[in-house]
Amino acid sequence: MPKLNSVLETALYVDDLARSKAFYREDLELPLLLENQRMCALDVGGSSVLLLFQRGASARDMATPGGTIPGHDGQGPLHMAFAISPEELTAWEARLRERQIPIVSKVTWSRGGASVYFHDPDGHVLELATPGLWATY
């Protein structure tokens, strides 16, 4: 069986692309990799990409010079987690407070990890998680 190495991209579907791009770029300081009318791509830690799609704008197949990207879209509040080091947890909590982003919940996991949950402007549930959450992390 061929091996899967990691999750490369995560996609969120947003109602206001400019507002969401500003949130992720300014509040979470993710660098912009690519931007067009229907989406933007943001670098997460130099190893993965967060794709923000204008809701409905990618629902149809899209032809590119290299091939066709199948249509995709999503509704409702989705979830994603960012991996952080335990030493950065307190700084991240302070950053969220500084940016007036309410912390919705905090969880301490039985494996020793900790998570902080908050929402983006579209109501997606975002998580900052330290190692000790999963057997693999």
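Here is a short report on the structure shown in this document. Small disclaimer: the values here were computed from a predicted structure and weren't measured.

1. Re the nonpolar core
Among the nonpolar cores identified, the biggest contains 24 residues, and Tyr24, Leu28, Leu50, Leu52 and Phe82 are the most heavily contacted of them. The residues contacting Leu52, other than those within four sequence positions of it, are Leu12, Val14, Leu17, Ser20, Lys21, Tyr24, Arg38, Met39, Cys40 and Leu42. Residues Tyr13, Ala41, Val49 and Phe53 belong to the second largest nonpolar core, which totals six residues.

2. Observations concerning the sheet that holds strand β2 (residues 32-35)
Read from one edge of the open sheet, four strands run β1-β4-β3-β2, paired in mixed fashion. Pairing within the sheet leaves two strands with one partner each, and these edge strands are β1 (9-14) and β2. Sheet twist, expressed as the mean angle between neighbouring strand axes with direction ignored, is 20°. Bridging between β2 and strand β3 (residues 39-44) involves three bridges; their strand directions are antiparallel. Each bridged residue has a counterpart across the sheet, and for Leu34 the counterpart in β3 is Ala41.

3. Digging into the pairing of strand β4 (residues 48-54)
Within a regular beta strand, the side chains point alternately toward one face of the sheet and then the other, so they alternate between its two faces. Counting buried positions along β4 gives five out of seven residues, so the element sits mostly inside the fold. Where β1 and β4 come together, six bridges link them in parallel fashion. Following the sheet pairing, Leu12 is matched in β4 by Leu52. Looking at chain direction, β3 and β4 are connected through six bridges and run antiparallel. Counterpart to Leu42 in the pairing with β4 is Leu50. What sits between the antiparallel neighbours β3 and β4 is a turn of three residues, in which Gly45 has the positive phi angle 65°.

4. Observations concerning the pattern of salt bridges
Under the counting rule described, the total for this entry stands at eight salt bridges. The partner of Arg95 in a salt bridge is Glu29, with the nearest N and O atoms 3.3 Å apart. Here Glu29 lies in the loop between α1 (17-27) and β2 and Arg95 lies in helix α2 (residues 89-98), a separation of 66 residues in the sequence. With relative accessibility at 18%, the residue Arg95 sits in the buried group. In this structure, the salt-bridge partner of Arg55 is Asp122, at a minimum N-O distance of 4.0 Å. Separated by 67 residues along the polypeptide, Arg55 in the loop between β4 and β5 (62-64) and Asp122 in the loop between β9 (114-119) and β10 (125-129) bring together distant segments of the chain. In terms of burial, Arg55 and Asp122 fall into one category: buried. It is possible to trace a salt-bridge network through shared partners that takes in Asp15, Arg19, Arg55 and Asp122.

5. Examining α2
Restricting attention to buried positions, one finds in α2 the residues Leu89, Trp92, Glu93, Arg95 and Leu96. One side of α2 carries all its buried residues, which in axial view fall inside an arc of 160°. Of the exposed residues in α2, the ones pointing more than 90 degrees away from its buried face are Thr90, Arg97 and Glu98. Looking one or two residues beyond α2, the residue adopting positive phi is Gln100, at roughly 60°.

About the thresholds
Residues numbered from 1 in each chain as written. Predicted model: local features only at pLDDT ≥ 70, side-chain atom pairs only at ≥ 80, totals over all residues. Heavy atoms only, no water. Core = buried A, V, L, I, M, F, W, Y, C linked by side-chain atoms within 4.5 Å. Buried < 20%, exposed > 50% of the residue type's maximum accessible area, 1.4 Å probe, protein only. Contact = heavy atoms within 4.5 Å. Pairing = 2+ DSSP bridges. Helix = DSSP H or I, 4+ residues; strand = E, 2+ residues; numbered from the N terminus. Axes fitted to C-alpha atoms, helices over the stretch in contact; angles between N-to-C directions. Salt bridge = Lys/Arg side-chain N within 4 Å of Asp/Glu carboxyl O. Arc of directions from axis to C-beta.

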